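Commentary on secondary and tertiary structure
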Amino acid sequence: KCYQSFIVIIAVVYEVGRGCLAGPVTAAAVILKNPIPGLNDSKQISSSKREALSRIIIEESIYSFANISNYKIDEINIHQATLLAMQEAIMKLTVTPDLVYVDGKFTPKIEVNCKAVIGGDKLISEISAASIIAKVHRDDFMKKLDKQYPVYDFAKNKGYGTAHHLNALKQFGYTPWHRKSFKGVVV
């Protein structure tokens, strides 16, 4: 008898930075090669654990990132920019997946079967992995941006509309990295 085995390659995609006032929206696509213990929703773990897990995930997976600029967000809106980031991250993978799980309600338009999973970062370890590397990747970018624009405190707020960030916008105006279509940026 001849048996044929099939391997289904599952990728996941996760975005971060959707509600920020500054910086890109970032998506990560991940195909795990091996199970990784300790994965959880990136928002539920400390930054030091997130960074340690991110290094392991990057070593133990096939992954890609896509960043959609604040200019493109202002041009096409945050929802469309998020879907574009997901699409680009999936297309950048070096292996074409058979199925893609997406955290949330919406899936990008691609020629791969996609399944939306609400709360997927708490349910599917691969989505947790994507959430971790996406968050670390974008947070690192915002920390670098903080060195150029320290009055906005990007290292701490990551571009979100904290009271300090909103006060800095009122006092100093916006940077080239701010999303001018977002309420609170142009005052």
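Now for a description of the structure that goes with this document. (Residues numbered from 1 in each chain as written. Predicted model: local features only at pLDDT ≥ 70, side-chain atom pairs only at ≥ 80, totals over all residues. Heavy atoms only, no water.)

1. A few points about the sheet that holds strand S2 (residues 25-32)
Pairing within the open sheet is mixed, and its five strands lie in the order S3-S2-S1-S4-S5. On the outer flanks of this sheet lie strand S3 (61-68) and strand S5 (113-117), each paired with one strand and no other. The average undirected angle you get between the axes of adjacent strands in this sheet is 20 degrees. Sheet strands touched by helix H1 (residues 47-59): S2 and S3. Its angle to S3, the strand with the most contacts, is close to 115 degrees. (Pairing = 2+ DSSP bridges. Helix = DSSP H or I, 4+ residues; strand = E, 2+ residues; numbered from the N terminus. Axes fitted to C-alpha atoms, helices over the stretch in contact; angles between N-to-C directions. Contact = heavy atoms within 4.5 Å.)

2. Observations regarding the packing of aromatic side chains
Counting across every chain of the model gives three aromatic pairs. Centre to centre, the rings of Phe141 and Trp177 are 5.2 Å apart; their planes meet at 70 degrees, and the pair counts as edge-to-face. With a gap of 36 residues between them, Phe141 in helix H5 (residues 125-148) and Trp177 in the segment after helix H7 (163-172) connect regions that are remote in the sequence. With a centroid separation of 5.5 Å and an interplanar angle of 15 degrees, the aromatic rings of Tyr152 and Phe154 are classed as stacked. Classification of Tyr152 by relative accessible area gives buried; the value is 4%. One Lys or Arg, Arg179, reaches over the ring of Phe182 and ends 5.2 Å from the middle of that ring. (Phe/Tyr/Trp six-rings, centres within 6.5 Å; stacked < 30°, edge-to-face > 60°. Buried < 20%, exposed > 50% of the residue type's maximum accessible area, 1.4 Å probe, protein only. Lys NZ or Arg CZ within 6 Å of the ring centre and 35° of its normal.)

3. Thoughts on the environment of Val112
Turning to its location among the elements, Val112 is positioned in the loop between strand S4 (99-103) and S5. Along the backbone, Val112 and Pro35 are 77 residues apart, and their C-alpha atoms lie at a distance of 23 Å. Setting aside residues up to four positions removed in sequence, Val112 forms contacts with Thr96, Pro97, Asp98, Leu99 and Val100.

4. Let's talk about unusual backbone geometry
Residue Asn77 is not a glycine yet carries a positive backbone phi of 90 degrees. For Asn77, the position within the fold is in the loop between helix H2 (70-76) and helix H3 (78-92). Non-glycine residue Lys158 carries a positive phi angle of around 55 degrees. Residue Lys158 is classed as buried on the basis of its relative accessible area of 13%.

5. Remarks on the side chain of Lys135
Within the secondary structure, Lys135 is located in helix H5. Residues in contact with Lys135, not counting those within four places in the same chain, are Val16, Ser42 and Arg50.

6. Observations concerning the pattern of salt bridges
Considering all chains together, one arrives at three salt bridges under this definition. The salt bridge partner of Glu51 is Lys143, with a shortest N-O separation of 3.3 Å. Of the two residues, Glu51 sits in helix H1 while Lys143 sits in helix H5, which places them 92 residues apart along the sequence. On the basis of relative accessibility, which here comes to 30%, the residue Lys143 falls in the partly exposed class. Note that Glu75 and Lys72 form a salt bridge whose closest N and O atoms lie 3.4 Å from each other. With Glu75 and Lys72 both in helix H2 and three residues apart, the pair spans about one turn of that helix. (Salt bridge = Lys/Arg side-chain N within 4 Å of Asp/Glu carboxyl O.)

7. Considering the pairing of S4
With five of its five residues buried, S4 lies for the most part within the structure. Burial along S4 is two-sided: Leu99, Tyr101 and Asp103 facing one way and Val100 and Val102 facing the other are all buried. Relative to S4, strand S1 (residues 10-16) runs parallel, the two sharing four bridges. For Ile10, the partnering residue across the bridge sits in S4 and is Leu99. Here S4 pairs with S5 via five bridges, running parallel. Residue Leu99 lies in a different strand from S5, and its bridge partner there is Asn113.

8. Remarks on the nonpolar core
Counting residues in each nonpolar core, the largest one holds 33 residues, and the members touching the most others are Val13, Val25, Ile73, Val100 and Phe154. When contributions to this core are tallied by element, the ones reaching two or more residues are S1, S2, S3, H3, S4, H5 and H7. Counting 22 residues, the second-largest nonpolar core is a separate cluster that includes Ala28, Leu32, Ala129 and Ile133. (Core = buried A, V, L, I, M, F, W, Y, C linked by side-chain atoms within 4.5 Å.)

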